[in-house]
Amino acid sequence: MPLMPSSESRNGPIAFLDSGIGGIPYLVKLRKKLPRENYLYLADHANFPYGEKPVEKIREAVLQTTDRLLSFSRPKMIVLACNTASVSALQNLRDHVDIPVVGVVPAVKPAAHLSGERTIGVLATESTVNAPYLDSLIEQFARDFRVVRVAAGDIVAFVENRLLQSTREEQNRLVAPAIETFRRERADAVVLGCTHFTFLEENIRVLAGGAFLTVDSREGVANQSVRVLEKEGLLREEGEGSALFYTTGSRDDDYYHRIGDRFFLDFRGEAP
Ligand code: DGL
C-alpha cells in the first residue's frame, strides 16, 4: 500500500528558485490559489544573472542553489521560477532531488493559440532565446509560425536592481525598443519568456496599445502546481500560511527588503 504523506511533509514549504526576484509574481499567483501553504523564495543573487551564462554554468548554479536550499529547509515541492534555468536545467534538477519539480518555460503554446497573424514574439534572456528547448517548444506548438526572438538582458538587470526606485517613464523607455521590434514585425502575441519581465507586463501591454497581446506562464504554472500537490496528497488545507524570502548572496542595499514588503514576503537575508 502506498504510504500517505505525513503532516510534516504537507507543512513543508513550496520553494521557488530564481536568479533574483523574477519568480516572485509566480509565487504571488500560486499563493492566491493556495493561501494556507508555506512558501520559501530563494533568489540566487550570488549567481545573477543566469541569462548571460553558458548552459553548464546555469546547471551548476541551479544544483548548487538547490543543495543550499535543502541544507536548511525541507520543501515538499520546487518551482523553478526561471525560464532560463528551466530550459537549461529542468531535467538535471528533477534527477537531483526526490520531490516534485515544476518548471517555468516560455508560454509558446498559449501565444500560438492567440495569434491571428501566425506571428509570435518571444522576449527572453540571451540564453533562453538561443536554447534548443525553445526550438522544441516552437516545433511542437508553433511550427508554421513566424517567431520573432528578442533578447533583453538589460530589462532583467533593471528589474533586479532598479525597479523600485524607477519612474514609469524610465520603465517605458527601457521596454520601448522591444515593443517597436514586435510591432514592426507584426507579432500579435508576445511571450514574456523571462520571469523578471512579468513585473513590467502592464507597461508593455499599455505601450503596445493593442498591437499585440502579452502572454506568460503564471496561470499555467500555478494550475500545474496545484495539480501536482493534489496528486501527491501534499496540499495543506488548514492553518495559516507563511512566505519567507532568502538570497544566496548579500546585497549592500535594502532593495530585497523593500521587495519583500511590497509582495508580503518575510525577507530573512542571506540563506544559512
Ligand atoms: N528570471 C530569469 C528567467 O526567467 C532570468 C534572469 C537572469 O538572467 O538571471 O529567465
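Within each chain, residues carry numbers counting from 1 in the order of the written sequence. Only residues with pLDDT of 70 or above have their local features reported here, since the model is predicted, and side-chain atom pairs are shown and tallied only from 80 upward, although totals for entire chains, interfaces and linings are computed over all residues. Hydrogens and water are ignored here; the side-chain numbers use all heavy atoms of the structure.

A. Expanded view of the sheet that holds strand 3 (residues 77–80). In this analysis, strands are considered paired if DSSP registers two or more bridges between them. For the purposes of this entry, the term helix denotes a DSSP run of H or I that reaches at least four residues, the term strand denotes a run of E that reaches at least two, and both are numbered from the N terminus. What the six strands build is an open sheet, ordered 4-3-1-2-9-10; its pairing is parallel. In this open sheet, the two strands that pair with only one neighbour each are strand 4 (101–103) and strand 10 (266–270). Within the sheet, the average angular offset between the axes of one strand and its neighbour, ignoring direction, is 20°. The pairing of strand 1 (residues 14–18) with strand 3 spans four bridges and is classified as parallel. Residue pairing in the sheet places Leu17 in a bridge with Leu80 of strand 3. Note on definitions: angles span 0 to 180 degrees between N-to-C directions of axes, and those axes are lines fitted to C-alpha atoms, for helices only across the stretch in contact.

B. Up close: the pairing of strand 3. Only protein chains enter the accessibility calculation, which uses a 1.4 Å probe. A residue is then buried if its area is under 20% of the maximum for its type, exposed if over 50%, and partly exposed in between. Side chains Met77 and Val79 of strand 3 all project onto a buried face; the interleaved residues Ile78 and Leu80 project onto the opposite face, where all are buried too. One ladder, built from three bridges, connects strand 3 with strand 4; its direction is parallel. When the sheet's bridge partners are listed, Ile78 is paired in strand 4 with Val101. Where the polypeptide runs from strand 3 across helix 4 (residues 83–96) and back to strand 4, its parallel neighbour, the crossover connection is right-handed. Orient the strands so they point away from the viewer; a crossover is then right-handed if the path from the first strand over the helix to the second runs clockwise.

C. Representation of unusual backbone geometry. In the segment running from Phe48 into Pro49, the intervening peptide bond is cis, with an omega of -5°. Mapped onto the elements, Pro49 comes out in the loop between strand 2 (38–43) and helix 3 (55–72). Phi is positive for Arg186, close to 60°, though the residue is something other than glycine. Residue placement: Arg186 occurs in the loop between helix 9 (168–184) and strand 7 (189–192).

D. Geometry of the sheet that holds strand 8 (residues 213–215). Strand order in this open sheet of four strands is 6-5-7-8, and the pairing throughout is parallel. Strands with a single pairing partner mark the edges of an open sheet, and in this sheet they are strand 6 (146–151) and strand 8. Put simply, the sheet's adjacent strands are angled 25° from each other on average, direction ignored. Note on contacts: a residue pair is in contact if any heavy atoms of the two residues lie within 4.5 Å. Contacts from helix 10 (residues 201–208) reach strand 5 (119–124), strand 7 and strand 8, with the element oriented near 160° to strand 8.

E. Spotlight on the site of the ligand. For this description, a residue counts as near a given molecule or strand if any of its non-hydrogen atoms is within 4 Å of it. Ser19, Tyr50, Gly51, Thr84 and Thr195 are the nearest of the 14 residues found near the ligand. Polar contact is the term for a pair of N or O atoms within 3.5 Å; when the atoms are in protein, one must be able to donate a hydrogen and the other to accept it, and sequence-neighboring residues count only if both atoms are side-chain atoms. For the ligand, an oxygen atom lies 2.6 Å from a polar atom in the side chain of Ser19. Separating an oxygen atom of the ligand from a backbone N or O atom of Asn83 is a distance of 2.8 Å. Only the protein chains shown count as cover for residues, and all accessible areas are computed by the Shrake-Rupley method using a 1.4 Å probe. In isolation the ligand offers 300 Å² of accessible surface; the protein chains occlude 99% of this area.

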